[in-house]
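# Coordinate analysis (summary)
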Amino acid sequence: MHPAAREMLLSAVDSGWADPVRLHHEGRTARLLLDNARAVLADAVGVRPDELYLTTSGTAAIQAGLTAVRAARSRVGATIVHSAVEHSAVLHTAGEAAVEVGVDRLGRVGLAAFTDAVRRPGVAVAALQSANHEVGTRQPIEAAAAAAGDVPLFVDASASVAHDVVPAGWSVLAASAHKWGGPAGVGLLAVKKGTRIAPAWPMDEREDGLSPGFPNVPNALAAAAALQARLAEAEELGKQHRAWIDEVRRRVAADIPDVEVVGDADDRLPHILTFSCLYVDGEALVTALDAEGFAVSSGSACTSSTLRPSHVLAAMGVLTHGNVRVSLGRDTTHDEVQRFCAVLPGLVQRIRAEVGM
C-alpha cells in the first residue's frame, strides 16, 4: 500500500464509517468524504464525478460494466467482441455470445480482424484492454474506438492507470485501486455520458445499481490518496522502471538458454515483464525465487492459484511452460533488480538438473 493510502485510511476509519446516503450527521460526513474521493478519482481518469462508479474490485467493475452496457443494447444484439488476451473477467462475462479476435506474437490484437468483427450485426459492445496485464503490450485503443463507430468500447485499464497514459476513445473504463498502491476492495467503473447502461442490480440510491451495498468510504479515500500520489510520481518511476525492465529483458535472454522473453519490447507498460523457460516447472521456479526474497507469479496472472497455462501466452502462440511474470513496485530498487538477474540463471539450471535436463 502506498504510504499516502495508509495514512488516509487510518485517519478516515473513524470519520467515514457511516452509510453515506443517510441524513444523520455521521451519514452526511461520510457522504462529503465520499464525494471528495470520487472527485479525485474521476479527475485522475478524465471523467466527471457523476460518470464514475465505485465497485468492490476491478473484476466486479468489468462484470458490472460489460453486463450493463450489453443489457442496454439488447435490441441491437448480445455479442461482445473482445481480444483473445483480455482478463478472465471479460472472457467469463462475454460467455457464449462472444466473438474472440486473435493477437500476434507480441500480444497485440489484429486491428483489421477487430474492425471486421465489431462491425458485424448484433454486436452490443467491444472490449479491449489498454495494455496486457501479463506481458505489458499496449493495444491500439484509439484506432479500435474509431473502428467501433457507434458500438461502445469497453477498456480494462487496470494494468495501466497510474503507470501509463490510457488513450482516448473509450466509452466505459474499468480499473482497480490495488494496482496503484490503494487498498484492495476498490474498483472504478467510468461510464461516459451518452453511453446507455442497464444495471443488473436494483437502481437504488447507491452507485445507480452498478455495485450493491454502500461503498467502503475509508477505502475509497485511501484509493484516491494513493492515485493522486502515484500520478505525481508516474513520470519518474516510469522512466526508471522502463530502464530496469529493459535490463532484465537483456540479461534473461543472454544468460539463460532456451528462454523466451515475450511481449513488445518497446510499445509496452514500463513495469511488467514475462518470460518462459523451457524444461522448467513454473511453480518450482516461483517457489525458488520466493526463497530468495522475490515475489513473482506464474501461469495466468488472473488465475495464478490454479496453475493453469496462461490463456494470454497461449493466444500469442509463445512458450507457456515455465513462465514467470515480474512486475516492479514503487519501492523496488536497482540492487534488487540486479540481484534477481544474478540468481535467476542458477535457479533455472538447478531446476532443470533436478529433472535430468
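Throughout, a residue's number is its position along its own chain's written sequence, starting from 1. Only residues with pLDDT of at least 70 get local features here, since the model is predicted, and only at 80 or more are side-chain atom pairs given and counted; chain-wide, interface and lining totals rely on the full set of residues. Excluded from the side-chain calculation are hydrogens and water; included are all heavy atoms of the structure.

Heads up, the condition is: UniProt positions are given in the numbering used here, feature names are shortened, and annotations may be inferred rather than shown by experiment.
Going by what an unreviewed UniProt entry lists, the protein chain is known as Aminotransferase class V-fold PLP-dependent enzyme and is assigned to Kribbella soli. Checking UniProt for the protein chain, the heading Cofactor (unreviewed entry) contains the comment "pyridoxal 5'-phosphate".

## Considerations on the overall build of the protein chain
Here is the rule: Strands here mean DSSP runs of E at least two residues long; helices mean DSSP runs of H or I at least four residues long; both are numbered from the N terminus. Only protein chains enter the accessibility calculation, which uses a 1.4 Å probe; a residue is then buried when its area is under 20% of its type maximum, exposed when over 50%, and partly exposed in between. Any two residues having at least one pair of non-hydrogen atoms within 4.5 Å are treated as being in contact. In this description, accessible areas are obtained by the Shrake-Rupley approach with a 1.4 Å probe, and a residue is regarded as covered only by the protein chains that are shown. Just so you know, the count uses Lys and Arg for positive and Asp and Glu for negative, and it drops His and the chain ends. The atom standing in for a charge is NZ when the residue is Lys, CZ when it is Arg, CG when it is Asp and CD when it is Glu.
Secondary structure summary: the protein chain contains 10 helices and 10 strands in total. Based on the C-alpha atoms only, the size of the protein chain along its principal axes is roughly 70 × 50 × 35 Å. Buried residues in the protein chain amount to 53% of all 357 residues. Taking all contacts inside the protein chain whose residues are at least 6 apart in sequence as the whole, residues at least 24 apart take part in 69%. Taken as a whole, the protein chain presents about 15,400 Å² of accessible surface, with 52% of it coming from carbon and sulfur. With 32 positive and 41 negative side-chain charges, the protein chain shows a separation of 4 Å between the mean positions of the two kinds.

## Considerations on the state of the cysteines
Heads up, the rule is: When the sulfur atoms of two cysteines come within 2.5 Å, that pair is taken as a disulfide.
Inspection of the entire model under this criterion finds zero disulfides. This cysteine, Cys277, is not joined by any disulfide, and Cys341 carries the nearest cysteine sulfur, 12 Å off. Since its relative accessible area comes to 4%, Cys341 is described here as buried.

## Quick notes on helix H8 (residues 282-291)
This is how it is decided: It is the directions from the helix axis to the C-beta atoms whose arc is reported.
Along H8, the residues that are buried comprise Gly282, Leu285, Val286, Ala288 and Leu289. Along H8, the residues classed as buried sweep out an arc of 165° about the axis, all on the same side. Exposed and facing more than 90 degrees away from the buried side of H8 are Asp290 and Ala291. Phi turns positive one or two residues past the end of H8, at Gly293, with a value near 95°.

## Here we look at the packing of aromatic side chains
Note the threshold: By convention, a stacked pair of Phe, Tyr or Trp rings (six-membered ring in the case of Trp) has centres within 6.5 Å and planes under 30 degrees apart, an edge-to-face pair has planes over 60 apart, and any other such pair is tilted. To sit over a ring, a charge needs its Lys NZ or Arg CZ within 6 Å of the ring centre and within 35 degrees of the ring normal.
Tallied over the full model, the rule gives one aromatic pair. A centroid spacing of 5.3 Å and a plane angle of 80° characterise the contact between Phe294 and Phe340, whose relative ring orientation is edge-to-face. A residue pair is termed long-range when its members are at least 10 positions apart, and Phe294 in the loop between H8 and helix H9 (311-316) and Phe340 in helix H10 (residues 334-354) qualify at 46 residues. In this pair, the class of Phe294 matches that of Phe340, namely buried. Cation over ring: Lys192 sits above Trp170, and NZ or CZ is 4.2 Å from the ring centre.

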